[in-house]
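# Structure at a glance
Chain residues, written in single-letter form:
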Amino acid sequence: MTVVLGLVGVAFLVAGGWMVWWNLSCPELRWDWDRCDVDETRFPKEILWGVATAAHQVEGGCDNNNWSHWEKQTNARGQPRIKNDDKAGMACDHWNRYSQDIRLMKELGVKAYRFSVEWSKLEPRRGEFDDAAFAHYLDLCDALFEAGISPVVTLHHFTHPLWFHESGAFEKRENIEPFARFCEEVFGRLRSRVKMWCTINEPAVFATQGYFTGLFPPGRKDLQQTGEVLVNLLEAHAVVYRRLKALPGGAEARIGLAKSIFQFEPWRRASLLDWMVTGAVNRLFNDCLLDGLRTGKFRLHIPGLVRVKRSLPDARGSLDFVGLNYYSHLHARVRLDPKEPFELRYRQGDTMTDMPYVIYPEGFYRALHQVATLGVPIYVTENGIADAKDDRRALFIRRYLYAMHRAILAGCDIQGYFYWSLMDNFEWSEGYSMRFGLYEVDFKTQERRLREGAKPFLQAIRGGSLQST
Ligand code: FCB
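Our subject in this report is the structure included herewith. (Residues numbered from 1 in each chain as written. Predicted model: local features only at pLDDT ≥ 70, side-chain atom pairs only at ≥ 80, totals over all residues. Heavy atoms only, no water.)

### Things to note about the pattern of salt bridges
- With the rule as written, the count across this model stands at 42 salt bridges.
- E382 is the partner of R114 in a salt bridge, and the nearest nitrogen-oxygen pair spans 3.1 Å. On the criterion of sequence distance, the pair formed by R114 in strand β2 (residues 112-116) and E382 in strand β10 (residues 378-382) is long-range, its members being 268 residues apart.
- Assessed through its relative accessible area of 0%, R114 is described here as buried. (Salt bridge = Lys/Arg side-chain N within 4 Å of Asp/Glu carboxyl O. Helix = DSSP H or I, 4+ residues; strand = E, 2+ residues; numbered from the N terminus. Buried < 20%, exposed > 50% of the residue type's maximum accessible area, 1.4 Å probe, protein only.)

This is how it looks when you write it as structure tokens:
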């Protein structure tokens, strides 16, 4: 009995000591904005400035993929899955209006455009490639070239063909092969035009939203499966990286992946339980993938909930650059409710965006350091704000760019920044309610109009200071 009590006591001391150490060594980073010289932020000339979109969100006519299928479904209570029962539909009609949209990019002054190719258009049936759809993307690349804008192509940005969806998609390890085949085909046909590639967009978002929160197709809530999808996505990335590198043009191409970092903090810094749940969510969402890329070993173990282990030697060294997608952070709090044992919340008093995200530029600074540990150049492949009233966008841009500038001064090798997004578009389960665009889109007339709040981004591109006007 005395021994047990002694052991419990020691365990408490260790846990308590660990917590104090954590609190002292990693307090939540907060800057005093009155003392930050945001107006004087300036960037090296070499930074590649760009904007980003994804096929399903802007193109229109993407009606042969998992998302188009999902948009027609209702949940268990008979309610639509997408806010306001929206469907991507015509979206921004970017498929037909890309020339006009490239003019908008020129007006901004960006030198790169990150977009995704729609797999369900390029390979509508397994093994059958659609030449006309390939011709479209070749034309798009040529038009970008004419405008002096470099294409950056994402091979998988949340959507894939129905045939792939129905065969179990990334739930099954054997499905990595058809994905890799598709990527080789795209690379082979576009490689003369495209020098920079992202294999997969945000594996952790795809896996957690599709298999943990159930907000994305296929709408499951199964943590073990989330882990399996995640490890398959990491393996898919590594396989695709190696295969493309081995193709003609592969050695010169720069190939990476777009990793989202969304930090979680303990709601109560003195609560060991909040710390534990925070650790678990950070592991799931951020760290197991970063570690997998760093070490070639994937490990996700949350006792009683998920256990996935795989050795992936090819994942190590599978990045010519890392893409960082960063938006915000959340706080985790343990609840005394077995149905919902923890919750993720934001702090009152922080400035909100229209999404349940607060403006937290310090987190961007931290995320840049997190991905810097991979030891490869960093491109910010997404960063932006949903702000329909356009009354926080300028502040967001100025402060996040300031954070990036500080990360550069601190030694992070940041080579590019892509704003999400060029224009308003279909925001997945949020439908058209979220307005992320530098350009506002009127979806009835398809008119685009530059938002006032975009101005600091234009100033940064032009090499000026980020002075507020
Ligand atoms: C990211 C997605 C992107 C967009 C932004 C707001 O998670 O990659 O498509 O929806 O969020």
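### Comments concerning the site of the ligand
- Near the ligand the following residues occur: Q57, H157, F158, N201, E202, Y327, E382, W420, E427, W428 and F436.
- The contact in question runs from an oxygen atom of the ligand to an N or O atom on the side chain of W428, over 3.0 Å.
- The fraction of the free accessible surface of the ligand (290 Å²) that becomes covered by protein chains is 94%.
- Class assignment of the residues belonging to the shell around the ligand gives a composition of five nonpolar, three polar and three charged. (Near = heavy atom within 4 Å. Polar contact = N/O pair within 3.5 Å; in protein donor to acceptor, adjacent residues only side chain to side chain. Areas by Shrake-Rupley, 256 points an atom, 1.4 Å probe, with all protein chains shown as cover. Nonpolar A, V, L, I, M, F, W, Y, C, P; charged D, E, K, R; others polar.)

### Some thoughts on the packing of aromatic side chains
- Per the counting criterion, the structure on display carries 42 aromatic pairs.
- Measuring from centroid to centroid gives 5.6 Å for W33 and Y402, while their planes differ by 65°, and the two rings are edge-to-face. Taken together, the positions of W33 in the loop between α1 (2-25) and β1 (48-52) and Y402 in helix α13 (residues 393-409) put the pair 369 residues apart, joining distant regions of the chain. An identical accessibility class is assigned to W33 and Y402; each is buried.
- Ring centres 5.9 Å apart and planes at 50° place the aromatic pair Y417 and F457 in the tilted group. (Phe/Tyr/Trp six-rings, centres within 6.5 Å; stacked < 30°, edge-to-face > 60°.)

### What about the pairing of β2?
- Across the five residues that make up β2, a large majority, five, are buried.
- Burial of β2 is two-sided: the residues A112, R114 and S116 facing one way and the residues Y113 and F115 facing the other way are all buried.
- Taken together, the three bridges between β1 and β2 define a ladder with parallel strand orientation. Counterpart to G50 in the pairing with β2 is A112.
- As paired strands, β2 and strand β3 (residues 150-156) are joined by five bridges and run parallel to one another. The partner of S116 across the bridge, within β3, is T154. (Pairing = 2+ DSSP bridges.)

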